[in-house]
Each structure stands twice: as C-alpha cells, then as structure tokens.
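Residue strings, one per chain:
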Amino acid sequence: MRWLQSGGRGYKYGCLSKSLHVDHTTSASAYADDMLAAALSATDLARQAEKIEAFVNWSGMAVNVKKCAVTGMLWGQARRNGCDKVLSSKTMKMLQQRLETVKIYNTFIAFLHPHTEPYRYLGVDITSTFNWAPHLDTVLKEARQKGERLLMSPLSIKQKAQALDTVIGSCMASSMPLGLMTLSDVSKCDAIKLNICKRISKLPRSTPAAMIQ
C-alpha cells in the first residue's frame, strides 16, 4: 500500500491545488484480500500494476488475474467535448484502447464499461459513474433465486415463513448501510418477499399485501 502511494501516481482530485496532490492522492483501497488500485492515467495504472506484480512475486503471494478488471472515465474528454460525449461509443473505444495495455503476469486485464459493466467489490456492484442499476438488478435476481430455493426446501410452512426475512434481507445487507437503494428499490424487494410469502402460505396472488403485512 505504501509503495503504491509512493511516486504520486494515484488518483488526483481536481478540487485540490497541485502542491497538495503528492500528499492527498488515492492510490489504493484494500480489505482482506481485495484491492482496488486507482490512478489518473492508463500509464500510471500500468505502473501500479507492475508494482503489485513485483510485490506478490517477492512475498510469495499470487494475483488471481481472472478476477481482476480495469475501468475508468475520460473526464478530460468530457470537459473538451461536453459531458454527453463521455460515454459515447467513440470515447469508450478510446478508453478501452488505453486501458487494455494494463497487464499482470503478462496477461492483459479485462476491460469493463464504466457505466454498464460493474465490478463486485466487497459485495457491491460498482461502476465508475456510480450507476447503481446493475447492483439493483443483482439484488433483485438474488432475492428471487433465494426465495425459490426456500420454497423448494423441506422446511415446514412455519419455518419457511420465519426464514423469509433473513433470506431476502441478506440480499440487501451490503446495500442498505451505504444508502444505495431508494424507497422504490426497497419496495421492489418487498414485492418479491410478499410474492414468496403468498406462495409459502398457498394464498392466491390476489391476496391484498396489507393482509400479509
């Protein structure tokens, strides 16, 4: 972590003066065996990747390249050509060409579209544009899948009903403390829970939600 901070190759905040960039850059964020390396350019990011590879070789550890991904945003392009151009196909092609040069173990790291292709980091699907729609889609999909598995389990009706809150609630556990879900998003999860509850209790679909709640 300290080596990644050295050299001032981390992400530099535009709101700070250049004299503060060396001491106030974001080079990496890590938790357990998950690490995020940040940089202001593809060249700097490639250098950070070289440092990571050198460190793991020295320490005897290893990087799972299959789980690695690279993404970013060309905000300079947005300032010059307008913010509506930052996600254009032309800009994305330019971004991908720059970032596809980043590699570890002589293997190029997979590129993710900064708005539509999230990376799951500590249980949250994150994009560079903070587009949380993909994360919500994942939460809803997991809620449906877990609800279906609960329905097929050998538990009694009473046990299934008691486990329902825990099963559906676990899908939102990473999102709620971060404030990523709107009231509408929570309502969608509640709708899935109510549907599963009706099916557990063998109630008709027309049963009013207020009766179950």
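Whatever comes next refers back to the structure up there.
Quick caveat, the model's predicted, so the values are computed rather than measured. (Residues numbered from 1 in each chain as written. Predicted model: local features only at pLDDT ≥ 70, side-chain atom pairs only at ≥ 80, totals over all residues. Heavy atoms only, no water.)

A.B. asks: So what's going on with the packing of helix α6 (residues 133-152) against helix α7 (residues 157-169)? Residues and values would help.
C.D. replies: For the pair α6 and α7, interaxial distance at closest approach is 10 Å and the crossing angle is 160°. Taken together, α6 and α7 sit at an angle that is classed as roughly antiparallel. Crossing of α6 against α7: the hand is right-handed. Residue-level inspection shows Ala-143, Lys-146, Gly-147, Leu-150 and Leu-151 of α6 in contact with α7, the latter providing Lys-160, Ala-163, Leu-164, Val-167 and Ile-168. (Axes fitted to C-alpha atoms, helices over the stretch in contact; angles between N-to-C directions. Helix = DSSP H or I, 4+ residues; strand = E, 2+ residues; numbered from the N terminus. Parallel < 35°, antiparallel > 145°, perpendicular 65-115°, else oblique. Left-handed = near helix turned anticlockwise from the far one by under 90°. Contact = heavy atoms within 4.5 Å.)

A.B. asks: Now, about the state of the cysteines: what can you tell me, with residues and values included?
C.D. replies: Taken as a whole, this structure holds zero disulfides when the rule is applied. With no disulfide of its own, Cys-171 has Cys-189 as its nearest cysteine by sulfur position, at a separation of 7.3 Å. Cys-171 gets classed as buried once you look at its relative accessible area, which sits at 6%. The cysteine Cys-197 is free of any disulfide, with Cys-189 supplying the nearest cysteine sulfur at 15 Å. Note on Cys-197: relative accessible area 16%, which makes it buried. (Disulfide = S-S within 2.5 Å. Buried < 20%, exposed > 50% of the residue type's maximum accessible area, 1.4 Å probe, protein only.)

A.B. asks: Residue-level account of the side chain of Lys-160, with values.
C.D. replies: Note on placement: Lys-160 falls in helix α7. Of the side chains with opposite charge, Glu-148 comes closest to the buried, unpaired Lys-160, at an N-O distance of 10 Å. Here Lys-160 is in contact with Leu-150, Leu-151, Ser-153, Leu-155 and Ile-200, once residues within four sequence places are set aside. (Lys, Arg positive; Asp, Glu negative; His and termini not counted. Salt bridge = Lys/Arg side-chain N within 4 Å of Asp/Glu carboxyl O.)

A.B. asks: Which residues make up the packing of α6 against helix α8 (residues 183-200), and what values do they have?
C.D. replies: Look at α6 against α8: their axes get within 10 Å of each other, and the N-to-C directions meet at 10°. Considered as vectors, α6 and α8 are oriented roughly parallel to each other. Of the residues in α8, those in contact with Leu-136, Val-139, Leu-140, Ala-143, Arg-144, Gly-147, Glu-148, Leu-150 and Leu-151 of α6 are Asp-185, Lys-188, Cys-189, Ile-192, Ile-196, Arg-199 and Ile-200. Counted by class, the contact of α6 with α8 contains ten nonpolar, one polar and five charged residues. (Nonpolar A, V, L, I, M, F, W, Y, C, P; charged D, E, K, R; others polar.)

A.B. asks: An account of the nonpolar core is needed here, citing residue identities and associated values.
C.D. replies: In this structure, Leu-95, Leu-99, Val-102 and Ile-104 are the most contacted members of the largest nonpolar core, which totals 19 residues. Only α3 (42-59) and α5 (89-99) provide two or more residues apiece to this core. The element best represented in this core is α3, accounting for six residues. With 18 residues, the next largest nonpolar core counts Leu-151, Met-181, Val-186 and Cys-189 among its residues. (Core = buried A, V, L, I, M, F, W, Y, C linked by side-chain atoms within 4.5 Å.)

Fair warning: the whole summary comes from geometry, so function is off the table for now.
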